[in-house]
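A structural walkthrough
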Amino acid sequence: MRIAVYGTGAVGGYYGGRLAQAGHDVTFIARGENLRALQTNGLRIDSTLGDFHLNPVKAVSDPAEIGGVDVVIPGVKTWQLPPILPGMAKLVGPETIIVTVQNGVDSHLVIGEALGHEHVIAGITRLFSTLVEPGHIVHGGGAAQFLIGELDGSLTPRVQRFYETLKATHGITAELTTDIQTELWAKLVMITSFGGVGSVTRAPIGVLLSVPQTRALLEGSIREIAAVAASQGHPLAADVLEKSLAFFKGQPYLGTSSLQRDVMAGKRSELDSLIGTVVRLAHEKNVPAPVNETIYAALLPTELKARGELEFTI
Ligand SMILES: NC(=O)C1=CN([C@@H]2O[C@H](COP(=O)(O)OP(=O)(O)OC[C@H]3O[C@@H](n4cnc5c(N)ncnc54)[C@H](OP(=O)(O)O)[C@@H]3O)[C@@H](O)[C@H]2O)C=CC1
Ligand SMILES: CC(C)(CO)C(=O)C(=O)O
């Protein structure tokens, strides 16, 4: 299968690396030091599911050098998606599928509006991965899940084919769903509560669960987002709270989310596409969301600073 990974960071690099390791024709699109490292030393992945080093790898800066592929995996953060859409168009032929991996509930819409909804399959990834230095990814924790589904729920040959490809790939736990929209909301519940409470407290998940006050914040956030999901026509299972808490309990004591790691590093984060989306939709539908509103407000000053829209030093 011809695959292009647009944005070779923690997630795109991990899944693209595994697919390349399995023998697929994968080209990585990267920039800066990361591109230079990939072109010079290849892609190194240290993973609890087995370390590997791909050298050489196909890595370019300009998607026009690749042309149309079977599958595009955009590996960038949500706020980095709009600038890459013109480049992504160069990878898309009549049969190309674009499979999202982003947290949040609207990356598939952003891409679909620009490049055609018919090309987009939504995906959800669950893994703990970090680009620790250019060309070098560390995957910790357990399985690296990749759940995919057509947006209308149909089991088309193309979604089944990509599912079978993922399933046959070592280091990827593939899942196929007929209700990806609800799954996106279930993931939003989990990542936004975990990421939001972790970001304001600067504490890992083991601590958040063990301190009654922060556990109450987690639970309050989960309940609010579940109510927002229902208001959007995606009611979640009645046990969403229990399931989210069970997922958190299964994580290492020091586990953090990608949102929290970005906030703590002073980098621009996915605050707007995660907590911001919850707050905006709650307002629109008059759903009470005091926990998420407070977390959003508390994180906004440092987020604006990271975006260069506000300057302060203390
Ligand atoms: N990390 C994780 O464990 C998980 C992350 N996710 C989600 O996956 C998505 C990706 O996150 P993650 O992999 O952590 O992010 P990373 O920051 O590690 O990776 C994004 C990569 O895309 C590159 N990039 C951005 N814009 C461009 C561009 N115009 N041209 C070329 N390369 C570009 C970045 O380069 P540069 O550094 O130069 O900007 C970076 O290398 C997010 O939506 C996140 O929420 C989901 C589950 C787990
Ligand atoms: C759920 C979690 C924490 C791991 O997949 C995640 O999505 C993230 O870190 O962005």
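For clarity, every value in this text was computed on a predicted model and none was experimentally measured. (Residues numbered from 1 in each chain as written. Chains lettered and ligands numbered in written order. Predicted model: local features only at pLDDT ≥ 70, side-chain atom pairs only at ≥ 80, totals over all residues. Heavy atoms only, no water.)

Some points on the site of ligand 2
Taken together, N103, T125, R126, L127, F128, K187, M190, I191, F194, S257 and S258 make up all the residues around ligand 2. The separation between an oxygen atom of ligand 2 and a polar side-chain atom of S258 is 2.5 Å. For ligand 2, whose free accessible area comes to 280 Å², the fraction covered by protein is 95%. A molecule is said to occupy a pocket when more than half its atoms come within 2 Å of that pocket's grid points, and by this definition ligand 2 occupies the largest pocket. Sorting the residues of the shell around ligand 2 by element identifies β8 (120-133) and α6 (180-201) as the ones contributing at least two each. Structurally, the shell around ligand 2 is a two-domain feature, drawing no fewer than three residues from each of domain 1 (2-178) and domain 2 (182-306). (Near = heavy atom within 4 Å. Polar contact = N/O pair within 3.5 Å; in protein donor to acceptor, adjacent residues only side chain to side chain. Areas by Shrake-Rupley, 256 points an atom, 1.4 Å probe, with all protein chains shown as cover. 1 Å grid on protein atoms, 1.4 Å probe; cavity = no way out; pocket = protein on both sides within 12 Å on 5 of 7 lines; lining within 4 Å. Sits in = over half its atoms within 2 Å of the grid points. Helix = DSSP H or I, 4+ residues; strand = E, 2+ residues; numbered from the N terminus. Domains from an automatic or database assignment.)

Quick notes on the UniProt feature "domain: Ketopantoate reductase N-terminal" (unreviewed entry) in the chain
When the UniProt feature table is mapped onto this chain, "domain: Ketopantoate reductase N-terminal" (unreviewed entry) is found at residues 3-152. Secondary structure across residues 3-152 divides into 27% helix and 41% strand, with the first and last C-alpha atoms of the span separated by 24 Å. (UniProt positions renumbered as here; feature names shortened; annotations may be inferred.)

Notes on the site of ligand 1
The full set close to ligand 1 counts 25 residues, and V11, R31, N103, S129 and E270 are the nearest of them. One of the backbone nitrogen or oxygen atoms of A10 is found 3.0 Å away from an oxygen atom of ligand 1. One of the side-chain nitrogen or oxygen atoms of N103 is found 2.8 Å away from an oxygen atom of ligand 1. With the chains in place, 82% of the 900 Å² that ligand 1 exposes on its own is no longer accessible. Taken atom by atom, the bulk of ligand 1 overlaps the largest pocket. The element contributing the most residues to the shell around ligand 1 is β8, with 4 residues.

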